[in-house]
Amino acid sequence: MKEIRRNNHFVPKLYLKQWAQDGRIPTYRLLVSNEAVPEWRDLSLSKIAFREHLYTYAMAKEETDEFEHWLAEEFENPAVDAIDRVVRDQRLSPEHWRRLVRFAVAQDVRTPVQFKKFVTRQHEQLPRLMQETLERSVKKLEKHQAAKRPLPASSVKDDLFPSKVIIKHGEGEHGQIGVETVVGRKLWLWAMRHTLTTTIDRISTNNWNIVRAPEGMSWPTSDDPLIRLNYRGPTDYDFGGGWGVKNTDIFMPLSPMHLLHTCIRGSGWARGATVNRDMAHFLRRIILEHADRYVFAVDKADVSRLRPRTVSLSGYNEESAFWANWRNDQLKAERDIHN
């Protein structure tokens, strides 16, 4: 077996380095085991915002890390020059904007907190969807058999989709058919690939802008930096906005001074505008509230006040155990479904 990447960075180092100095980034942890844990630590970029084997998966008898390589080749590396031009306040071409938007969409779906949301959503929706799909497929099979027509050959081959068809033969021509799948890492990777190869093409790269923080202020970022905001008022908002939903504000810090922003089919700031201080305070608060487990910031002054950390030994141990068992649990499920 070839050696595969063990540490899968769900927030790329090429992005986080904008907040780092000498390769180390000020980090505020939101879930800690006890009060004695320091609020802030300067950590190496290689030691933060990763989970072991987050994107690896079982293929035949081996594991593969092709998905992480694919993310790097298609979304991370192409955005390097565009982010660098943003930081240096240089003009962006339409191609630069396209690469920034693709980077933002990829960042939206690839974090551990998005995996948790995905699992919750699939447990609620997938059984009904699979039942409806199976019933349609059976009706299609019955029509072909009644007409004595050969079944069309399938051109679909998807090694990422973790499912198998179960057939139980009964008496005569009767029997049962079912589909089994596993809601876990491999299904998540399949859904991400679908979003980043199909849905992404419907997302406009127009009407995006870069806005600046006012003098004396800066943007923090987090381990879940892309925000889709439904805004109804200063205290009435949520993070359930959609890429195609009118008036959803979508934004992500690109550096302590630069924020990528669009408002879906709505008005936004002019490109290069500097937001006023009240708006900057609001955006800082939103960025901090949206963080999952880590905040990264060059200005630490108000972070603990706006987003107090959770001190819980049981919660910390439970989450640590989940990630310690992640690789083996996911590999077993992926291999079982194909056996």
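The structure displayed is predicted, hence computed values, not measured ones.

S.K.: How do you make sense of the overall build of the protein chain when you look at a structure like this?
M.R.: The helix and strand tally for the protein chain stands at nine helices and 17 strands. Here the protein chain holds 339 residues, and 45% of them are scored as buried. Of the contacts made within the protein chain by residues no fewer than 6 positions apart, 73% connect residues no fewer than 24 positions apart. By element, 49% of the accessible surface of the protein chain is carried by carbon and sulfur atoms, the whole surface being about 18,500 Å².

S.K.: I tried to follow the nonpolar core on my own but got confused; where do I start?
M.R.: Side chains of nonpolar character tend, in soluble globular proteins, to be buried together. The biggest cluster of nonpolar side chains holds 55 residues, and the ones touching the most others in it are Leu16, Tyr55, Leu100 and Leu196. In terms of residues, this core owes the most to one element, helix H4 (residues 94-109), which gives eight residues. Setting aside residues no more than four positions away along its own chain, Leu16 makes contact with Val11, Ile25, Leu45, Ile48, Ala49, Thr221 and Phe296. Within the second largest apolar cluster, 15 residues are counted, among which are Trp219, Leu229, Val275 and Ala280.

S.K.: Would you mind showing me how to read the packing of aromatic side chains here?
M.R.: Aromatic ring pairs are described here by two measures, namely the spacing of the ring centres and the angle between the planes. Tallied over the entire structure, the rule returns 17 aromatic pairs. A centroid spacing of 5.2 Å and a plane angle of 65° characterise the contact between Phe115 and Trp188, whose relative ring orientation is edge-to-face. Of this pair, Phe115 sits in helix H5 (residues 112-146) while Trp188 sits in helix H6 (residues 185-197), and the two are 73 residues apart along the sequence. Accessibility assignment for this pair places Phe115 and Trp188 in one class, buried. Feature note: the residues Tyr55, Phe67, Trp70, Phe75, Phe115, Trp188, Phe322, Trp323 and Trp326 constitute an aromatic cluster, connected by ring pairs. The ring of Trp70 carries Arg193 above its face, with NZ or CZ at 4.7 Å from the centroid. Positioned above the aromatic ring of Trp97 is the side chain of Arg271, whose terminal nitrogen or guanidinium carbon lies 3.9 Å from the ring centre.

S.K.: Is there a simple way to think about the pattern of salt bridges in this case?
M.R.: Between side chains of opposite charge, a pair can form when the charged atoms approach closely. Overall, the coordinates contain 21 salt bridges when judged by the stated rule. With a closest N to O distance of 3.4 Å, Glu289 and Arg285 form a salt bridge. Taken together, the residues Glu289 and Arg285, both in helix H7 (residues 277-290) and four residues apart, mark about one turn of the helix. What makes Glu289 partly exposed here is its relative accessible area of 28%.

Thresholds, definitions, all that
Residues numbered from 1 in each chain as written. Predicted model: local features only at pLDDT ≥ 70, side-chain atom pairs only at ≥ 80, totals over all residues. Heavy atoms only, no water. Helix = DSSP H or I, 4+ residues; strand = E, 2+ residues; numbered from the N terminus. Buried < 20%, exposed > 50% of the residue type's maximum accessible area, 1.4 Å probe, protein only. Contact = heavy atoms within 4.5 Å. Areas by Shrake-Rupley, 256 points an atom, 1.4 Å probe, with all protein chains shown as cover. Core = buried A, V, L, I, M, F, W, Y, C linked by side-chain atoms within 4.5 Å. Phe/Tyr/Trp six-rings, centres within 6.5 Å; stacked < 30°, edge-to-face > 60°. Lys NZ or Arg CZ within 6 Å of the ring centre and 35° of its normal. Salt bridge = Lys/Arg side-chain N within 4 Å of Asp/Glu carboxyl O.

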